[in-house]
Amino acid sequence: MARAKPFKIPKREVWEAYQRVRANQGAAGVDGQTIAEFEVNLADNLYKLWNRLSSGSYFPPPVRGVDIPKDEGQRRLGIPTVADRIAQMVVKRFLEPLVEPKFHCDSYGYRPGKSALEAVGVARQRCWRYAWVLDLDIKAFFDSIDSVLLMRAVRKHTDCPWVLLYVERWLKAPMQLEDGRLVARERGTPQGGVISPLLSNLFLHYAFDVWMGRNHPEIPFERFADDVICHCQSEAQAQELRAALERRFAECGLTLHPEKTQVVYCKDDDRRGDYPQRKFDFLGYTFRPRLARRQRGRIGVSFSPAVSNKAQSDAAGASPLDASAT
C-alpha cells in the first residue's frame, strides 16, 4: 500500500498553478530552464513537483539575481525557476483568498480588480480636497522585510502547515548572482517571485494600513505596494505624520528614505502661499500645478497628474524580466 502524503495538496492545484505561470511566461531561473523546456516532460515534471510538495520534501532552489536600471541606481530582481514559480503559485492560490478580503480598500498593488490607474485617479481627486501630500519612499523595501514579522502576519490568516513551511523556506532561499556566488538571505522577499507581491502587501497591511486606520483615520492614503501617498490638511499635519511613520517603520525594520520622502503643497488657483515643493511622482504620473479648464469653462491652475517623462522613457526600454513577477 502506498504511503499517505503528510500534506493533502490536490494534483489539480498544481495543474492550475502551472496554467497561471504559463500564461504569465517570464525568464528562466538558475537552472536555465524555460517554460517550453519544462513542458517537454510536462506530466512528469508536474508529478515530481506535486510529490515533493505533498511529502514536505520540497526545498526551493536559489533565485537568479538580475540587476536592472532604476532611477540613479539599480533594482535587483530574484527570478525563480519555472518549477519554483509553479510551487509559489500553489501557495498563492491558497493564501490569497484568505487575506484579500481583509486588505484595505486603498491598497491597489497586485490585487484582483485593482489597478495603478485607479490609484492615480483617487489620488487626483483627493489632491483637490487636501492641500498637502506626504509622499513616502521606503528604502529598499523588498530587501528589508522582517521575516519573523511577516511569518507572524501569515499565521494570523492560516495555520495550514504546508503553507507556513514553504513560505518560510522561500524567505530563506539564497540568491545566486550572475558570477555564480550564492548570497544568503535573512530578511526580505525578492522582487520577481510569484508569492512576493502578496507577502509584501500582507506585511504593509499590518505595518502601515492597519496602523493608519488605528492612529490616523482622518488621513486618507493610496498605496500601491510600497508606493504611498498620504493626504493632509496642513503642512504641520504632514510633518507630524512623517515623524510618526519614521518611528512606526523603525519598529517594523523599515526606513523612510530621508531625501525621497517629501511633503508637497498641492498648489492651485484657490490655494494661497508659495512653497518650494509643489510636485510629486506616483505610479508613472507627475502631479503638479497645470493649466486646465475649470468650473464654468474658465482656464486656471489645477493640481493634476500627467504621464511622467521617466515613465515614457521606461516604457520605451521595458525589460522582459519584469513579466516574471506576476
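The following paragraphs examine the structure supplied in this document.

Analysis parameters
- Residues numbered from 1 in each chain as written.
- Predicted model: local features only at pLDDT ≥ 70, side-chain atom pairs only at ≥ 80, totals over all residues.
- Heavy atoms only, no water.
- Helix = DSSP H or I, 4+ residues; strand = E, 2+ residues; numbered from the N terminus.
- Rg over C-alpha atoms; globule rule 2.2 N^0.38 Å.
- Buried < 20%, exposed > 50% of the residue type's maximum accessible area, 1.4 Å probe, protein only.
- Lys, Arg positive; Asp, Glu negative; His and termini not counted.
- Charge placed at Lys NZ, Arg CZ, Asp CG, Glu CD.
- Expected span 1.5 Å × (residues − 1).
- Bend = angle between axes of the 7 residues up to and from the residue.
- Contact = heavy atoms within 4.5 Å.
- Axes fitted to C-alpha atoms, helices over the stretch in contact; angles between N-to-C directions.
- Parallel < 35°, antiparallel > 145°, perpendicular 65-115°, else oblique.
- Left-handed = near helix turned anticlockwise from the far one by under 90°.
- Disulfide = S-S within 2.5 Å.
- Pairing = 2+ DSSP bridges.
- Polar contact = N/O pair within 3.5 Å; in protein donor to acceptor, adjacent residues only side chain to side chain.
- Core = buried A, V, L, I, M, F, W, Y, C linked by side-chain atoms within 4.5 Å.

1. Describing the overall build of the protein
Okay, so step 1: Scanning the protein from terminus to terminus reveals 11 helices and 11 strands.
Okay, so step 2: For 326 residues, the compact-globule estimate of 2.2 N^0.38 gives 20 Å, and the protein sits close to it at 22 Å.
Okay, so step 3: Along the longest, intermediate and shortest principal axes, the C-alpha atoms of the protein span 80 × 40 × 40 Å.
Okay, so step 4: Evaluated residue by residue, the protein yields a buried proportion of 49% over its 326 residues.
Okay, so step 5: Positive and negative charge centroids in the protein, built from 49 and 40 side chains respectively, lie 4 Å apart.

2. Regarding helix H9 (residues 196-215)
At 3.6 residues per turn, the α-helix brings residues three or four places apart onto the same side.
Okay, so step 1: Compared with an ideal rise of 1.5 Å per residue, which puts 20 residues at 28 Å, H9 spans 27 Å between its outermost C-alpha atoms and is within 8% of the ideal.
Okay, so step 2: Along H9, the sharpest change in direction is near 50° and occurs at histidine 205.
Okay, so step 3: With 15 of 20 residues buried, H9 is to be regarded as a mostly interior element.

3. Some words on the side chain of aspartate 209
Okay, so step 1: Among the secondary structure elements, aspartate 209 is positioned in helix H9.
Okay, so step 2: Under the relative-accessibility criterion, aspartate 209 is labelled buried at 2%.
Okay, so step 3: Apart from residues no more than four positions distant in its own chain, aspartate 209 is found in contact with His104, Ser107, Leu204, Phe221 and Arg223.

4. A look at the packing of helix H7 (residues 147-155) against helix H8 (residues 161-172)
Okay, so step 1: Where H7 meets H8, the axes come as close as 11 Å, and the angle between the chain directions of the two elements is 160°. It follows that H7 is roughly antiparallel to H8 by the angle criterion. Crossing of H7 over H8 shows right-handed handedness. Together, Ser147, Leu150, Met151, Val154 and Arg155 of H7 and Leu164, Val167, Glu168 and Leu171 of H8 make up the contact between the two elements.

5. Structural notes on the state of the cysteines
Here, disulfide denotes a covalent bond that connects the sulfur atoms of two cysteines.
Okay, so step 1: Overall, the coordinates contain 0 disulfides when judged by the stated rule.
Okay, so step 2: As a non-bridged cysteine, cysteine 230 has cysteine 232 as the owner of its nearest cysteine sulfur, 6.4 Å distant.
Okay, so step 3: With relative accessibility at 0%, the residue cysteine 230 sits in the buried group.
Okay, so step 4: Assessed through its relative accessible area of 0%, cysteine 232 is described here as buried.

6. Notes on the sheet that holds strand E7 (residues 227-232)
Strand pairing in a sheet is mediated by backbone hydrogen bonds. Such pairs are either parallel or antiparallel.
Okay, so step 1: The strand order E6-E7-E3-E8 describes an open sheet built from 4 strands, whose pairing is antiparallel. Of all the strands in the sheet, the pair left with one neighbour each is strand E6 (221-224) and strand E8 (262-265). Sheet twist, expressed as the mean angle between neighbouring strand axes with direction ignored, is 15°.
Okay, so step 2: Two elements, strand E3 (residues 132-137) and E8, share 4 bridges in a ladder whose sense is antiparallel. Among the inter-strand pairings, aspartate 135 is bridged to a residue of E8, identified as glutamine 262.
Okay, so step 3: Taken strand by strand, H9 contacts E3, E6 and E7, and its axis lies near 175° from that of E6.
Okay, so step 4: Its contacts with the sheet place helix H10 (residues 235-251) against E3, E7 and E8, and it is angled at close to 20° to E3.

7. Remarks on the sheet that holds strand E9 (residues 280-282)
Okay, so step 1: The 3 strands lie next to each other as E9-E10-E11, forming an open sheet whose pairing is antiparallel. Edge positions in the sheet fall to E9 and strand E11 (299-307), since each of these pairs with one other strand and no more. The sheet shows a mean angle of 50° between the axes of neighbouring strands, taken without regard to direction.
Okay, so step 2: Here 9 bridges tie strand E10 (residues 285-293) to E11, and the two strands are oriented antiparallel to one another. In the sheet register, arginine 290 faces E11, and the bridge partner there is serine 302.
Okay, so step 3: Sitting on the sheet, helix H5 (residues 116-129) touches E9, E10 and E11, and the angle it makes with E10 is about 55°.

8. Here's the deal with the environment of aspartate 31
Okay, so step 1: Mapped onto the elements of the fold, aspartate 31 is located in the loop between helix H1 (11-24) and helix H2 (35-38).
Okay, so step 2: Residue aspartate 31 is classed as partly exposed on the basis of its relative accessible area, which comes to 45%.
Okay, so step 3: Engagement of the side chain of aspartate 31 in a polar contact is seen with the backbone nitrogen of glutamine 33, the distance being 3.1 Å.

9. A word on the environment of glycine 29
Okay, so step 1: Inspection of the secondary structure puts glycine 29 in the loop between H1 and H2.
Okay, so step 2: Taking C-alpha positions, glycine 29 is 33 Å from lysine 260, a pair spaced 231 residues apart along the chain.
Okay, so step 3: Those residues in contact with glycine 29 that lie beyond four places of it in its chain are Arg64, Ile79, Pro80 and Thr81.

10. Considering the nonpolar core
Okay, so step 1: Leu53, Ile86, Trp162, Phe208, Cys230, Leu241 and Leu245 are the most contacted members of the largest nonpolar core, which totals 69 residues.
Okay, so step 2: The leading source of residues in this core is H9, at 9 residues.
Okay, so step 3: Excluding its chain neighbours within four sequence positions, the residues that come into contact with leucine 245 are Leu134, Leu136, Phe208, Trp211 and Leu256.
Okay, so step 4: With 16 residues, the next largest nonpolar core counts Val120, Cys266, Phe287 and Phe303 among its residues.

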